[in-house]
Amino acid sequence: MFSKISGNQKNIFKRLLVLLLVAALSISSVNYDTIFASSTVSTSNSDTSSVSVAPTEKISDGAILHAFCWSFNTIKANMKSIADAGYSSIQTSPINAVDDSYPTMKLYGGSDDGKGGCWWWHYQPTDWTIGNYQLGSREEFKAMCAEADKYGIKIVVDVVPNHTANNTNKVSSNLKNSAGGNLYHSTGFTKCNSYSNRLQCTRYSMDGGLPDVDTENWGFQNYFINFLNDCIACGADGFRYDTAKHIGLSDDDRPSGVTNNFWSRVTKEITNASNIFNYGEVLQGDNERLDAYVREIGSTTTSSYGSKIRSSITSNNLNKGSIQSYDVPSGVNTSDLVTWVESHDNYINDGTWSQLNDEQVKLAWAVISARKDGAPLFFSRPNGGGPSNKWGTNQIGIAGSDLYKDDEVAAVNKFRNAMVGQSENLENPNGDSNVLMIQRGTIGNVIVNAKYNSYYINCQTQLQDGTYYSITDDHSRFEVKNHIITGTIPARSSVVLMNYTDNTPSVSLDNFKATFTSDSVTFTLKAQNTASAYYKVNANNVVYYTNGEPLTIGAGDPVNTEYKITLTGVGSDGTTVTQTYNTKKVEQGAGTTIYFEKPSSWSDSIYAYVYDESGTTVQLLNAWPGTAMQKESTGLYSLTFTEDFSQPLVIFNDKVNQVPAAKLQGFAVEDNATYNSNGKKQAVVDNSVTIFYKTTWSNANIHYQVGTGAWTTSPGVAMSTSNVAGYKTITIDLGTSTALTACFNNGSGTWDNNNKLNYTFTTPGTYTINDGNVTSGEPSGSSSNTITVYYYTTWSSPNIHYQVGNDSWTSAPGVRMSSSVNGYKVITIDLGTNTTLKCCFNDGNNNWDNNGGNNYALNSTGTYSIKNGTITNGTPQ
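The paragraphs below set out a description of the structure included in this document. Note that the structure is predicted; figures quoted are calculated from it, not measured. Throughout, residues of each chain are indexed from 1 in the direction in which the sequence is written. Local features in this predicted model are restricted to residues whose pLDDT is 70 or higher, and side-chain atom pairs enter the listing and the counts only when it is 80 or higher, whereas totals over whole chains, interfaces and linings include all residues. Side-chain numbers here rest on the full set of heavy atoms in the structure, without hydrogens or water.

1. Quick look at the overall build of the protein
Stage number 1. Only DSSP runs of H or I reaching four residues or more are called helices, and only runs of E reaching two or more are called strands; each is numbered from the N terminus. When helices and strands are tallied, the protein shows 16 helices and 57 strands.
Stage number 2. For the protein, whose C-alpha radius of gyration is 31 Å, the value lies close to the compact-globule estimate of 29 Å for 877 residues.
Stage number 3. Overall size of the protein, expressed as C-alpha extent along the three principal axes, is 90 × 85 × 60 Å.
Stage number 4. When each of the 877 residues of the protein is scored for burial, the buried share is 54%.
Stage number 5. The Shrake-Rupley method, run with a 1.4 Å probe, gives the accessible areas here. Residue values count only the displayed protein chains as cover. When the accessible surface of the protein is totalled, it reaches about 35,900 Å², and 44% of it is carbon and sulfur.
Stage number 6. Side-chain charges of the protein comprise 60 positive and 77 negative groups, with the mean position of each set lying 2 Å from the other. Each radius of gyration reported is based on C-alpha atoms, and the globular scaling rule is 2.2 Å times the count of residues to the power 0.38. Summary of the burial criterion: residues with accessible area below 20% of their type's maximum are buried, those above 50% are exposed, and those between are partly exposed, where the area comes from a 1.4 Å probe applied to protein chains only. His residues and chain termini do not enter the charge count, which takes Lys and Arg as positive and Asp and Glu as negative. The atom standing in for a charge is NZ when the residue is Lys, CZ when it is Arg, CG when it is Asp and CD when it is Glu.

2. With respect to the layout of surface pockets
Stage number 1. The calculated volume of the second largest pocket comes to roughly 1,200 Å³.
Stage number 2. Every residue lining the second largest pocket is counted, 37 residues in all, and those nearest its centre are Trp 119, Trp 120, Asp 345, Ile 348 and Asn 349.
Stage number 3. Considering every element that reaches the lining of the second largest pocket, the biggest residue donor is helix α13 (residues 344-349), with four residues.
Stage number 4. Broken down by class, the residue content of the lining of the second largest pocket amounts to 14 nonpolar, 15 polar and eight charged. For each structure, a 1 Å grid was placed over the protein atoms alone; sets of points admitting a 1.4 Å probe that cannot get out are labelled cavities, open sets with protein on both sides within 12 Å along at least five of seven lines are labelled pockets, and lining residues have an atom within 4 Å of a point. Grid points are joined across faces, edges and corners, and a volume is the space filled by probe spheres set on the points. We call Asp, Glu, Lys and Arg charged. Ala, Val, Leu, Ile, Met, Phe, Trp, Tyr, Cys and Pro are nonpolar, and the rest, Gly among them, are polar.

3. With respect to the side chain of Asp 612
Stage number 1. Along the chain, Asp 612 falls in strand β28 (residues 607-612).
Stage number 2. Two N or O atoms form a polar contact when they lie within 3.5 Å of each other; inside protein one atom must be a possible hydrogen donor and the other a possible acceptor, and for residues adjacent in sequence the pair counts only when both atoms belong to side chains. A polar contact is formed between the side chain of Asp 612 and the backbone nitrogen of Gln 647, at a distance of 2.8 Å.

4. Here's the deal with the packing of helix α15 (residues 358-370) against helix α16 (residues 407-418)
Stage number 1. Between N-to-C directions, angles cover 0 to 180 degrees, with each direction set by a line fitted to C-alpha atoms, over the stretch in contact for helices. Where α15 meets α16, the closest approach of the two axes is 9 Å, and the angle between their N-to-C directions is 5°. Considering the angle they form, α15 stands roughly parallel to α16. Along the contact surface, α15 presents Lys 362, Trp 365, Ala 366, Ile 368, Ser 369 and Ala 370, while α16 presents Glu 408, Val 409, Val 412, Asn 413, Phe 415 and Arg 416.
Stage number 2. For the contact of α15 with α16, the class distribution of residues is seven nonpolar, two polar and three charged. Geometric relationships in this document are graded by angle, where less than 35 degrees denotes roughly parallel, more than 145 denotes roughly antiparallel, 65 to 115 denotes roughly perpendicular, and other angles denote oblique. Contacts were defined at the residue level, with two residues in contact if any of their heavy atoms lie within 4.5 Å.

5. Section: the sheet that holds strand β18 (residues 493-498)
Stage number 1. Pairing between two strands requires that DSSP report at least two bridges joining them. Strand order in the open sheet formed by four strands is β11-β12-β13-β18, and the pairing between neighbours is antiparallel. Of all the strands in the sheet, just β11 (424-427) and β18 have a single pairing partner and so form its edges. Mean inter-strand twist for the sheet, computed between neighbouring axes without regard to direction, equals 15°.
Stage number 2. Looking at chain direction, strand β12 (residues 435-440) and strand β13 (residues 444-449) are connected through six bridges and run antiparallel. Opposite Arg 440, over in β13, you have Gly 444 as the bridge partner.
Stage number 3. In the packing of α15 onto the sheet, the strands contacted are β12, β13 and β18, and the crossing angle to β13 comes to about 155°.
Stage number 4. Where α16 meets the sheet, it contacts β12, β13 and β18, and its direction lies at approximately 35° from that of β18.

6. Concerning the nonpolar core
Stage number 1. By convention a nonpolar core is built from buried Ala, Val, Leu, Ile, Met, Phe, Trp, Tyr and Cys residues, the set being connected through side-chain atoms within 4.5 Å. In this structure, Tyr 87, Trp 119, Phe 141, Phe 224, Tyr 241 and Trp 263 are the most contacted members of the largest nonpolar core, which totals 112 residues.
Stage number 2. The dominant element in this core, judged by the number of residues it contributes, is helix α8 (residues 218-234), at nine residues.
Stage number 3. Core analysis: the second largest hydrophobic core is formed by 19 residues, Val 610, Phe 641, Val 650 and Phe 667 among them.

7. Digging into the packing of aromatic side chains
Stage number 1. Only Phe, Tyr and Trp rings are paired, with Trp represented by its six-membered ring, and only when their centres lie within 6.5 Å; those with planes under 30 degrees apart are stacked, over 60 edge-to-face, the remainder tilted. For the structure shown, the criterion picks out 43 aromatic pairs.
Stage number 2. For the pair Phe 262 and Trp 263, a centre-to-centre distance of 5.0 Å together with 80° between the ring planes defines the contact as edge-to-face.
Stage number 3. A ring pair is formed by Phe 641 and Phe 645, whose centres lie 5.9 Å apart and whose planes are at 80°; its orientation type is edge-to-face. Of the two residues examined, Phe 641 and Phe 645, each falls in the buried class.
Stage number 4. Think of it as a cone above the ring: NZ of Lys or CZ of Arg counts as a charge over the ring if it is within 6 Å of the ring centre and within 35 degrees of the ring normal. A cation over an aromatic ring shows up here: Arg 492 above the ring of Tyr 452, its NZ or CZ 4.3 Å from the ring centre.

8. Things to note about the sheet that holds strand β41 (residues 720-721)
Strand pairing in a sheet relies on backbone hydrogen bonds. The paired strands run either parallel or antiparallel.
Stage number 1. If you trace the five strands from one edge of the open sheet to the other, you get β41-β42-β38-β46-β47, paired in mixed fashion. The open sheet is flanked by β41 and β47 (773-776), the only strands paired with a single partner.
Stage number 2. Looking at chain direction, β41 and strand β42 (residues 727-733) are connected through two bridges and run antiparallel. Paired with Thr 721 across the strands is Lys 728, a residue of β42.

9. Looking at unusual backbone geometry
Stage number 1. Cis geometry is found at the peptide bond from Trp 624 to Pro 625, where omega equals 15°.
Stage number 2. Relative to the helices and strands, Pro 625 resides in the loop between β29 (619-620) and β30 (627-628).
Stage number 3. The step from Ala 812 to Pro 813 runs through a cis peptide bond, and the omega angle for that step is 10°.
Stage number 4. Within the fold, Pro 813 resides in the loop between β49 (799-804) and β50 (815-816).
Stage number 5. The phi dihedral of Asp 286 is positive, around 60°, even though this residue is not glycine.
Stage number 6. Checked against the element boundaries, Asp 286 lands in the loop between β7 (277-280) and α10 (290-297).
Stage number 7. The phi angle at His 475 is positive, at roughly 50°, despite the residue not being glycine.
Stage number 8. Looking at the secondary structure, you find His 475 in the loop between β15 (466-469) and β16 (477-481).

Written as structure tokens, this is what we have:
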């Protein structure tokens, strides 16, 4: 990736200079190997030749990608990207049969019963057979495994033998019969009240009411082992055991006559048992006996270490004394652990989705993946998920966030592959706990800088003498002389140093554009590590080229001519690579316009840094900080450009602050899109509930819960007097949920909670509550002579100051508006016998929007949306 770094870090031209220097040296007669490392020191613990970054033979030696809720076909389609990012294995979500009563492909459908769709259906098995509607069929699983084999990648399957779906009517009769009709423990439907009580923990039902399977039943064990063997026959290389600590160890408490032999059988009586990787999810705390689970399963998680790593990153404290320990019982071999920054349970249930941003995840990942022990598991967050949106695009089956293949993540994955067998040494350079250096033998270093400014390192190192360039995209240069390392680590980033040269042949076009408006366009032909290279345009003859030659097309051709450019390169070993590009000559258009809503703390001079890194040379609209944007209204800025880009990206900044943050890729440019600090704003959907509540109380509050979120603080939120006599009203934004639970009170201890059942609204819309009865729509007798105003603003508590017809204006600052959806506030105003309304808005602190002194004139009843000075009919779109 390519991104401007703020503060004292290198500017964009310095980055380009390094890239161009590397390219120039590689084109000349200089040995390319010496660019990345020149070594003069040889020790018994080093290898001065270029290391291999290929996937590791053992799963525990490499990095594991947790492809959370990715379908088999999606994993297969992304296999090359996963391999290129340095992963040695992939962990799937559970592939067993599931309850398909509610086959909506949403990660979370808005209700905890899962009827709107939910990710956890595949964690509630109904049979031990391969395939379900969420991930795909057995044949698709097999094809995915075959594709993984092509890249040397192993497949780990998540399995859940401890329990079944709570709707036991959906559980397969074959599975029930395998256990002789006694599939569950006699206490399997009784809730566990003490996880520290090993008998309860391993034989009672967990929270959530999932029935506990009799995993000691010989018939069930045979049935489950057959499933494991089928997975192995299809290509699986390992298994993760969900809720492993709820399955008894050989010496755990048990009823008389019961033998706890589940772990012995499933790890030893399977096909190719000695080569299968097994690990158990053993969450620490409550007498979990982690050391014993390691002995019986082979490996386990270390959840406490993940918690410590997250705490270290959020506090920017990388003290080696704390990070060194994996927080497991003494005697546990730390090479038998699986580590993580966050698991899917941390993300979904423990709130790490809002606690960690992408930058923090990358820093933490660099720490755990660069270390010698603990197989690191990278949780792929939902596509679009993160601090501003837990569920992102909220879809099962698609690929998750691209963070898994970020250059810093990929670089440290490859480092891990290359460092197998090397010793480990952690140091805080010069005692600075904001910086951690992870040294592996004498051939590799990863340096993590948690500071918000660049860090110049000058300290002792085990690394061999020579010149090193980080294999991350910024290619930062470091010198090691007499075992003293010097160089600069960019702010909030990591550098990866080792003796690595990529000799894979590659061909590409620099400056490529998917369309062009000029009579002709010139691209630069690139070829690296090739014995020969050639191109072909449409049906024309093959033309051989050398690296850096120009290719010009389009001269004299009519508009709408299409061109297919095929590049082929042949490596010295005969390996052939091909790249195809499609471009088209088009008419000059009106250009691309983007909008940005700046944070209130930024200055009023806003810039858009537009660039395109889809080719091997970055295209710029203008050098950093970019192009000055036009101020449209308070907080809103725009930019229109006509230049052609293939895949343009944008970073917004005021020369001091920037979004996305330093070292993160820019937002994808879309014409007429509006962006804020979190990226492109989604189209506004009126996902709200409006309530008319009939009461004689002079003051009425609504105490409510959106979806499964937290309840408001009692007594709740004050309701407004409606335009219908005797009713109070409010509009509540549901966010990404679809449900609202509520009750009402007068603020003095008198409540209406619907006879302790509360009031439940399961879809957005307008509702009337009268004497405990809920009906759709507004109450009868409501005035049709009203105006509803949606006003877009960043103010937290705006007021509308208005005049109905020729009546008097309200007293300043006016009437408080209610929250609505996606940045809008809303109010409905009764016009009485009038037909017009004039209004303006303010934040209660003497900041006004009066439409440039003209106010806003609404000349008929109805619904209006006001955004950035523009009035449109209807609800926000």
